[in-house]
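Here is how the chains run, residue by residue.
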Amino acid sequence: MSQPIVIEKHKSRFKELARAAIPGGGNLDLCLTCSSCVNGCPASGISDMDPRKFLRMVLLGLDEEVVQTPWIWWCSMCQRCKRACPMGVDIGALVFMARQQWSRENTPKGIQKSCDLHLEFGNSTGIHREDWVSLCAELVEETRQQEEDWKDLPAPMDKKGAAYYLNQNAKEPTVEPEEMIPLWKILHEVGIDWTYSSERWDAVNYCMFSGDDRDWETVVRRQAEIVNDLGCKTLINTE
Ligand code: SF4
Ligand code: SF4
């Protein structure tokens, strides 16, 4: 008579940590292995991994593999897997927790550097305050002079009491500043009262991807303080 196959059970510290940290326990044990999460995931197949496989590793107690796979850094935190999942399993939250196990020194340099620049300069590409302010002023002045239809185009900076606060992906002023102008035109055309701020204006928060809750929160709080100081009622996050 054949012998049953015995799968060695591992005690999973990571799974218990996740159950305690994710609201509702993350529904981890409800997975049906249906693969809906895999199909829409932009990181599926990279490093021979996908969200379902990652979840199986967590459930099997393969803690070492879970916190060592470089795949977690390919996850974009887009949450498509959670939306597609019939059981509401929050794999993005698991990935975030796995990132938290990595030391700052081992976090991918691009992500960590962008986060560090944001903490130091208020934006992830390290643009100085004066450069940001003068770039916006020059761009809007050029547009006014060259395009008759837009001779009154505003690009307000630190306008107290503006109804809307607009932030901006730092990549645009860094590599393609002219890409900011169409949005200014749209806002002007529809009569939106808006403003940028001269500090902490970046729309992208790379600290959200580094796995460090405190850095993530610091960036969000600092921008919220600016919005409150200006007295704007609504923040338009362009990312
Ligand atoms: S979509 Fe949900 S239930 Fe289906 S395999 Fe993925 S995690 Fe499991
Ligand atoms: S959150 Fe991560 S794992 Fe889920 S679909 Fe997006 S990239 Fe894939």
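A brief report on the enclosed structure follows. These numbers come from a predicted model, not from an experiment.

**Concerning the packing of aromatic side chains**
- Applying the stated criterion across every chain yields a total of eight aromatic pairs.
- Look at Trp-184 and Tyr-196: their rings are 6.2 Å apart centre to centre, the planes differ by 70°, and that puts the pair in the edge-to-face class. Of this pair, Trp-184 sits in helix α10 (residues 181-189) while Tyr-196 is found in the loop between β2 (194-195) and α11 (207-210), placing the two residues 12 residues apart along the sequence. A single burial state applies to Trp-184 and to Tyr-196, both of which are buried.
- Ring geometry for Trp-194 against Tyr-196: centres 4.9 Å apart, planes inclined by 85°, an arrangement best described as edge-to-face.

**Things to note about the site of ligand 2**
- All residues adjacent to ligand 2 are Cys-41, Pro-42, Trp-71, Cys-75, Ser-76, Met-77, Cys-78, Gln-79, Arg-80 and Cys-81.
- Here the shell around ligand 2 is built from residues that sort into seven nonpolar, two polar and one charged.

**Notes on the layout of surface pockets**
- Considering only enclosed or pocket space, the largest pocket measures out at about 190 Å³ in volume.
- The wall of the largest pocket is formed by 15 residues, among which Glu-120, Phe-121, Gly-122, Glu-199 and Arg-200 lie closest to the centre.
- Of all the elements in the fold, those that place two or more residues in the lining of the largest pocket are α7 (109-121) and α8 (129-146).
- Each residue belonging to the lining of the largest pocket can be placed in one class, and the counts come to four nonpolar, five polar and six charged.

**Focus on α8**
- Between the first and last C-alpha of α8 there are 26 Å, a value that for 18 residues agrees with the 26 Å anticipated at 1.5 Å per step.
- For α8, the secondary structure elements touched by its buried residues are α9 (171-175) and α10.

**Thoughts on the site of ligand 1**
- The environment of ligand 1 is made up of 13 residues, and the closest members are Cys-31, Leu-32, Cys-34, Cys-37 and Cys-85.
- Of all the elements in the fold, those that place two or more residues in the shell around ligand 1 are α2 (36-39) and α3 (51-59).
- In terms of residue class, the shell around ligand 1 is made up of nine nonpolar, three polar and one charged.

**Focus: the packing of α3 against helix α6 (residues 91-100)**
- Relative orientation of the contacting elements α3 and α6 amounts to 60°, with a least axis distance of 10 Å. Like other packed secondary-structure pairs, α3 and α6 cross with a definite hand, here left-handed. Taken together, the residues of α6 that come into contact with α3 (itself represented by Pro-51, Phe-54, Leu-55 and Val-58) are Ile-91, Leu-94, Val-95 and Ala-98.
- Within the contact of α3 with α6, the residues separate by chemical class into eight nonpolar, no polar and no charged.

**Topic: the side chain of Ser-198**
- Inspection of the secondary structure assignment puts Ser-198 in the loop between β2 and α11.
- In terms of polar contacts, Ser-198 uses its side chain to reach the side chain of Arg-129, at 3.1 Å.
- There is a polar contact of 2.6 Å between the side chain of Ser-198 and the side chain of Asp-158.
- When residues no more than four places from it in sequence are discounted, the contact partners of Ser-198 are Arg-129, Trp-132, Val-133, Met-157 and Asp-158.

**Structural notes on the side chain of Gln-112**
- You can see Gln-112 is positioned in helix α7.
- The exposure class of Gln-112 is buried, given its relative accessible area of 8%.
- Residues in contact with Gln-112, not counting those within four places in the same chain, are Arg-104, Thr-107, Ser-210 and Asp-215.

**Quick notes on the environment of Glu-239**
- Take Glu-239: it is sitting in the segment after β3 (234-236).
- Look at Glu-239 and you get exposed, because its relative accessible area is 54%.
- Those residues in contact with Glu-239, other than ones at most four positions away along the chain, are Asn-169, Ala-203 and Val-204.
- One polar contact links Glu-239 to Asn-169, side chain to side chain, over a distance of 3.1 Å.

**Structural notes on the nonpolar core**
- Ranked by internal contacts, the top residues of the largest apolar core, which has 32 residues, are Phe-54, Trp-71, Ile-91, Leu-94 and Val-95.
- Residue contributions to this core peak at seven residues, all from α6.
- The contact partners of Val-95, leaving out residues within four places of it in the chain, are Phe-54, Trp-71, Ile-72, Cys-75 and Met-77.
- Counting 23 residues, the second-largest nonpolar core is a separate cluster that includes Leu-139, Ala-162, Tyr-165 and Trp-194.

**Looking at unusual backbone geometry**
- Backbone geometry places Thr-33, a non-glycine residue, at a positive phi of 55°.
- Position of Thr-33 relative to the elements: it lies in the loop between α1 (13-21) and α2.
- At Ser-47, a position not held by glycine, the phi torsion is positive, near 55°.
- By the secondary structure assignment, Ser-47 is in the loop between α2 and α3.
- Judged by its relative accessible area of 40%, Ser-47 is partly exposed.

Each value, and the rule that gives it
- Residues numbered from 1 in each chain as written.
- Chains lettered and ligands numbered in written order.
- Predicted model: local features only at pLDDT ≥ 70, side-chain atom pairs only at ≥ 80, totals over all residues.
- Heavy atoms only, no water.
- Phe/Tyr/Trp six-rings, centres within 6.5 Å; stacked < 30°, edge-to-face > 60°.
- Helix = DSSP H or I, 4+ residues; strand = E, 2+ residues; numbered from the N terminus.
- Buried < 20%, exposed > 50% of the residue type's maximum accessible area, 1.4 Å probe, protein only.
- Near = heavy atom within 4 Å.
- Nonpolar A, V, L, I, M, F, W, Y, C, P; charged D, E, K, R; others polar.
- 1 Å grid on protein atoms, 1.4 Å probe; cavity = no way out; pocket = protein on both sides within 12 Å on 5 of 7 lines; lining within 4 Å.
- Points joined across faces, edges and corners; volume = space filled by probe spheres on them.
- Expected span 1.5 Å × (residues − 1).
- Contact = heavy atoms within 4.5 Å.
- Axes fitted to C-alpha atoms, helices over the stretch in contact; angles between N-to-C directions.
- Left-handed = near helix turned anticlockwise from the far one by under 90°.
- Polar contact = N/O pair within 3.5 Å; in protein donor to acceptor, adjacent residues only side chain to side chain.
- Core = buried A, V, L, I, M, F, W, Y, C linked by side-chain atoms within 4.5 Å.

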